[in-house]
Amino acid sequence: MAAMSYARSTLFSKPALLFRSFTFSLTCSSFSTSSALSAHSSRRQKWRQPVVSALDLGGVKIAKDDVVRDDPTNNVPDTIYAKLGLQLHRRDQHPLGILKNAIFDYFDTIYANKFDKFDNLCPIVSVKANFDDVLVPPDHVSRSYNDTYYVDSQTVLRCHTSAHQAELLRKGHTHFLVTGDVYRRDSIDSTHYPVFHQMEGVRVFSPDEWETSGLDGTLYAASDLKKCLEGLARHLFGAVEMRWIDTYFPFTDPSFELEIYFQEKWLEVLGCGVTEQEILRRSGKTDNVAWAFGLGLERLAMVLFDIPDIRLFWSSDERFTSQFVKGQLGVKFKPFSKFPPCYKDMSFWINDSFTENNLCEIVRGVAGDLAEEVQLIDNFTNKKGMTSHCYRIAYRSMERSLTDEEINELQWNVRDQVEKKLNVVLR
Ligand code: DAH
């Protein structure tokens, strides 16, 4: 896809791809069938001492060991736990909050405040809500431990805001927007970060709305959807050229992506479509038709505010945070300085369970936001069938110069952990 130069494109726009191999494989047959954390943590609160570090997410108290456990069904590292509850999208002076509010303004104006808004729903959800309820096939790659953070075999950190569609439909909401932090195991570069933010929109129609139009329900919803989202793109980007691309999502049919021509490139703005009838049927809306869309806030904010690296959204450096003003969309970010990167290469013989996501998790675990990029620069298989990978790791701080000593120490740590945790042979 040509338009994928900014932040991530959707993980769901491909039909079921079989899982790649992954290290945290689900092999035991004796998993407890725990429910999503909301239920299970409130049960625990009764006998547990209050935990000082507990977070309050969407009204649910969460302690670290609710989320991070030394258990084969859990692959959430401390670094990810540390992001839970930061809720950048709820800060009015943060680019993500400013963008969210600008989208809210559009919907409030066009639909006279009819859309219910949710931006504080707990990111810890059941596998059912995240995948089954939105018809993600059982063998879809997004369900793998390599791609998604599992709290236990039945509970994940949501990997998209679509995880809330079915529940809100069941509760009777017919017009709603859900904004939240979403979590995906991924590679490391300037547009990928394991936590990012999405907004989901859903609108349900009743038969009288399309019957008078003479169109069938699906066509009516699709044309309303396109009109609505073209208006949104103009509201955010001005008078830009746009195009619609047919695509695939498990939850919609037909499905589309909207692209805009911006700064001399086609940029994918969002995914959307007419909601699968099965999702509506299961939520008791047999006679209705609906549309849905999902968009990545970082992806759009990076172009709207000229933010060159996705790590900056997490910066608490005043030279970053002070540049943005509540209600002002599109203030251009002025880089306060550019510190030099430092590159370190490492080569090793991989094994069958090696994945780049697992490597990146280790690098982030050691270097945190100092890890700017992890890139495969060499790859070969010898006569004995052993495959070697060479990765180049770029370390760079957004805020200061790094010393050689500091970087060497990080690199030794990375090497050590890669050898131990990934069982590869360093060369
Ligand atoms: N959930 C999708 C993703 O994260 C985005 C999306 C696409 C949401 C189409 C929707 C939709 O509601 O209709 O990649």
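In this text, all values refer to a predicted model and were calculated from it rather than measured experimentally.

A closer look at the confidence of the model for the chain
Point 1. Of the residues in the chain, 89% reach a pLDDT of 70 or more, and the chain-wide mean stands at 89.
Point 2. This model gives residues 1–8 a pLDDT under 50, and the stretch forms 31 contacts once residues within four places in sequence are excluded.
Point 3. This stretch, residues 17–52, has a pLDDT under 50; its non-local contacts, to residues over four places away or in other chains, come to 67 contacts.

Digging into unusual backbone geometry
Most peptide bonds take the trans form, and the phi angle of most residues other than glycine is negative.
Point 1. Note the cis peptide between Asp253 and Pro254, where omega equals 0°.
Point 2. Within the element layout of this structure, Pro254 appears in strand 10 (residues 252–262).
Point 3. Unlike most non-glycine residues, Gln87 shows phi in positive territory, near 50°.
Point 4. As for its position among the elements, Gln87 is in the loop between helix 3 (78–81) and helix 4 (95–110).
Point 5. Here Gln87 falls in the buried class, since its relative accessible area comes to 14%.

What about the sheet that holds strand 5 (residues 150–152)?
Point 1. A sheet is described by the order of its strands in space; here three strands give the open sequence 4-6-5, paired in antiparallel fashion. Of all the strands in the sheet, just strand 4 (124–126) and strand 5 have a single pairing partner and so form its edges. Averaged over neighbouring strand pairs, the angle between their axes works out to 35° when direction is ignored.
Point 2. Of the strand pairs in this sheet, strand 5 and strand 6 (residues 155–157) are connected by two bridges, and their pairing is antiparallel. The partner of Tyr150 across the bridge, within strand 6, is Val156.

Observations regarding the side chain of Arg185
Point 1. By secondary structure assignment, the location of Arg185 is in the loop between strand 7 (175–183) and strand 8 (195–205).
Point 2. Of note is the side chain of Arg185, whose polar atom sits 3.3 Å from the backbone oxygen of Asn146.

Here we look at the nonpolar core
Point 1. Counting 73 residues, the largest nonpolar core has Val67, Phe107, Leu157 and Phe237 as the members making the most contacts within it.
Point 2. No other element matches helix 8 (residues 217–237), which puts nine residues into this core.
Point 3. If near-sequence neighbours (up to four positions away) are discounted, Leu157 is found in contact with Val67, Val76, Ile80, Leu84, Pro123, Ile124, Thr148, Tyr149, Val151 and Tyr183.
Point 4. Ranked by size, the runner-up nonpolar core spans 26 residues in total, among them Tyr150, Ala163, Leu168 and Phe176.

Structural notes on the side chain of Asn357
Point 1. Tracing the sequence through the fold places Asn357 in helix 12 (residues 356–367).
Point 2. Judged by its relative accessible area of 8%, Asn357 is buried.
Point 3. Side-chain polar atoms of Asn357 contact the backbone oxygen of Arg185, separated by 3.3 Å.
Point 4. If sequence neighbours within four positions are ignored, Asn357 has contacts with Asn146, Asp147, Arg185, Asp186 and Ser187.

Thoughts on the packing of aromatic side chains
Point 1. A full pass over the atoms with the stated rule returns 24 aromatic pairs.
Point 2. Seen from their ring centres, Phe354 and Tyr391 are 6.1 Å apart, and the 45° between their planes marks the pair as tilted. Of this pair, Phe354 sits in the loop between strand 13 (342–349) and helix 12 while Tyr391 sits in strand 15 (residues 387–395); the two residues are 37 residues apart in sequence, bridging distant segments of the chain. No difference in accessibility class separates Phe354 from Tyr391, as the two residues are buried.
Point 3. Through successive ring pairs, a cluster of aromatic residues spans Tyr106, Phe107, Tyr111, Phe115, Trp291 and Phe293.
Point 4. Directly above the ring of Tyr193 sits Arg364, whose terminal nitrogen or CZ lies 5.0 Å from the centroid.

Cut-off values and rules
Residues numbered from 1 in each chain as written. Predicted model: local features only at pLDDT ≥ 70, side-chain atom pairs only at ≥ 80, totals over all residues. Heavy atoms only, no water. pLDDT = per-residue confidence, 0-100. Contact = heavy atoms within 4.5 Å. Helix = DSSP H or I, 4+ residues; strand = E, 2+ residues; numbered from the N terminus. Buried < 20%, exposed > 50% of the residue type's maximum accessible area, 1.4 Å probe, protein only. Pairing = 2+ DSSP bridges. Axes fitted to C-alpha atoms, helices over the stretch in contact; angles between N-to-C directions. Polar contact = N/O pair within 3.5 Å; in protein donor to acceptor, adjacent residues only side chain to side chain. Core = buried A, V, L, I, M, F, W, Y, C linked by side-chain atoms within 4.5 Å. Phe/Tyr/Trp six-rings, centres within 6.5 Å; stacked < 30°, edge-to-face > 60°. Lys NZ or Arg CZ within 6 Å of the ring centre and 35° of its normal.

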